[in-house]
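Next come the chains, spelled out residue by residue.
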Amino acid sequence: MHAQAARAPGPAYMDSYLDSLGLIERLHRLLLDVIKDEFERLGVLEINAVQALLLFNIGDNEVTAGELKSRGYYQGSNVSYNLKKLVDLGYMHHERSEVDRRSVRVRLTPRGDRIRQIVTELFARQSEGMESKGVLAIDGLDRLNGSLRLMERFWTDQIRYIY
């Protein structure tokens, strides 16, 4: 018998936790819809919202697919597919590492950087709108981010130490 028997969380905590999980999932989908709508409005139709967000997250860095996966942004096959597509469309440069020939490093082309700028401007407008409409004050946003980081750390620890 374990020193501490596992016990089920209280019903109120479980309900709030499940509500949080649903909100996180819906917010991510809504973020992708906001990006998609912006690109449709601008007539940029050859890349999708996930690819645009990938370009935004890479920014000025030169990275490998493995680095993007280890940062937690993307799943393995998803990032590989999207990187290949972005290279084929001319949004990214890629080259083999001199040290490890199996590793490919990618960075944005000027065309990819234009996409990154569009997303940056969209996020700036969104940020200004949320602040001016009083959707969430900076202290509330900081508390929210702190709570989300705690959840991220808890889930990361579950993956690293439980399995």
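Please read all numbers here as calculations on a predicted model, not as lab measurements.

Student: Outline the pattern of salt bridges, listing residues and values.
Tutor: Following the criterion strictly, the structure yields 14 salt bridges and no others. For the salt bridge of Glu 67 with Arg 105, the shortest nitrogen-to-oxygen distance reads 3.8 Å. One end of the pair, Glu 67, is in helix α3 (residues 65-70); the other, Arg 105, is in strand β3 (residues 104-108), with 38 residues separating them in the sequence. Members of the salt-bridge network, linked through shared partners, are Glu 62, Glu 67, Glu 95, Arg 105 and Arg 107.

Student: Break down the nonpolar core for me, with residues and values.
Tutor: Counting 26 residues, the largest nonpolar core has Phe 39, Ile 47, Leu 55, Ile 58, Leu 83, Met 92 and Ile 115 as the members making the most contacts within it. Breaking this core down by element, the ones donating at least two residues are α1 (11-42), α2 (49-58), α3, α4 (76-88), β3 and α5 (110-132). Residues within four places of Leu 83 in sequence aside, it is in contact with Leu 54, Ile 58, Ala 65, Leu 68, Met 92 and Val 106.

Student: Which residues make up the packing of aromatic side chains, and what values go with them?
Tutor: A full pass over the atoms with the stated rule returns one aromatic pair. Geometrically, the ring pair formed by Phe 56 and Phe 123 is edge-to-face, given 5.0 Å between the ring centres and 80 degrees between the ring planes. On the criterion of sequence distance, the pair formed by Phe 56 in helix α2 and Phe 123 in helix α5 is long-range, its members being 67 residues apart. For Phe 123, a relative accessible area of 22% translates into the label partly exposed.

Student: Let's hear about the layout of surface pockets: which residues, and what values?
Tutor: Here the second largest pocket is characterised by a volume of approximately 210 Å³. Broken down by secondary-structure element, the contributors of at least two residues to the lining of the second largest pocket are α1 and α6 (138-162). Sorting elements by how many residues they give to the lining of the second largest pocket places α1 first, with four residues. Of the residues that constitute the lining of the second largest pocket, the class distribution is seven nonpolar, one polar and no charged.

Student: Which residues make up the sheet that holds β3, and what are the values?
Tutor: Here three strands make up an open sheet; going across it, the order is β1-β3-β2 and the pairing antiparallel. The open sheet has two free edges, formed respectively by β1 (63-64) and β2 (92-96), since each of these has just one partner strand. Sheet analysis places β1 next to β3, joined by two bridges and oriented antiparallel. Its bridge partner being in β3, Thr 64 is matched across the sheet by Arg 105.

The rules behind these values
Throughout, a residue's number is its position along its own chain's written sequence, starting from 1. Residue-level local features of this predicted model are given only where pLDDT is at least 70; pairs of side-chain atoms are given and counted only at 80 or more, and the full residue set underlies all totals for whole chains, interfaces and linings. As a rule here, side-chain values come from all non-hydrogen atoms in the structure, and water together with hydrogens is ignored. Only one rule defines a salt bridge in this text: a Lys or Arg side-chain nitrogen within 4 Å of an Asp or Glu carboxyl oxygen. Secondary structure elements follow DSSP: runs of H or I no shorter than four residues count as helices, runs of E no shorter than two count as strands, and numbering proceeds from the N terminus. Residues enter a nonpolar core if they are buried and are Ala, Val, Leu, Ile, Met, Phe, Trp, Tyr or Cys, with the set joined through side-chain atoms within 4.5 Å. Burial classes: relative accessible area under 20% of the type maximum marks a residue as buried, over 50% as exposed, and values in between as partly exposed (1.4 Å probe, protein chains only). Throughout, a residue-residue contact means that at least one pair of heavy atoms, one from each residue, lies within 4.5 Å. Geometry of aromatic contacts follows a simple scheme: Phe, Tyr and Trp rings, the Trp one being its six-membered ring, pair when their centres are within 6.5 Å, and the pair is stacked under 30 degrees between planes, edge-to-face over 60, tilted otherwise. Only protein atoms enter the 1 Å grid used here, on which a cavity is any set of points holding a 1.4 Å probe that cannot leave and a pocket is any open set flanked by protein within 12 Å on both sides along at least five of seven lines; residues with an atom within 4 Å of a point are listed as lining. Grid points are joined across faces, edges and corners, and a volume is the space filled by probe spheres set on the points. Note on residue classes: Ala, Val, Leu, Ile, Met, Phe, Trp, Tyr, Cys and Pro are nonpolar, Asp, Glu, Lys and Arg are charged, and everything else, Gly too, is polar. When DSSP finds at least two bridges between two strands, those strands are taken to pair.

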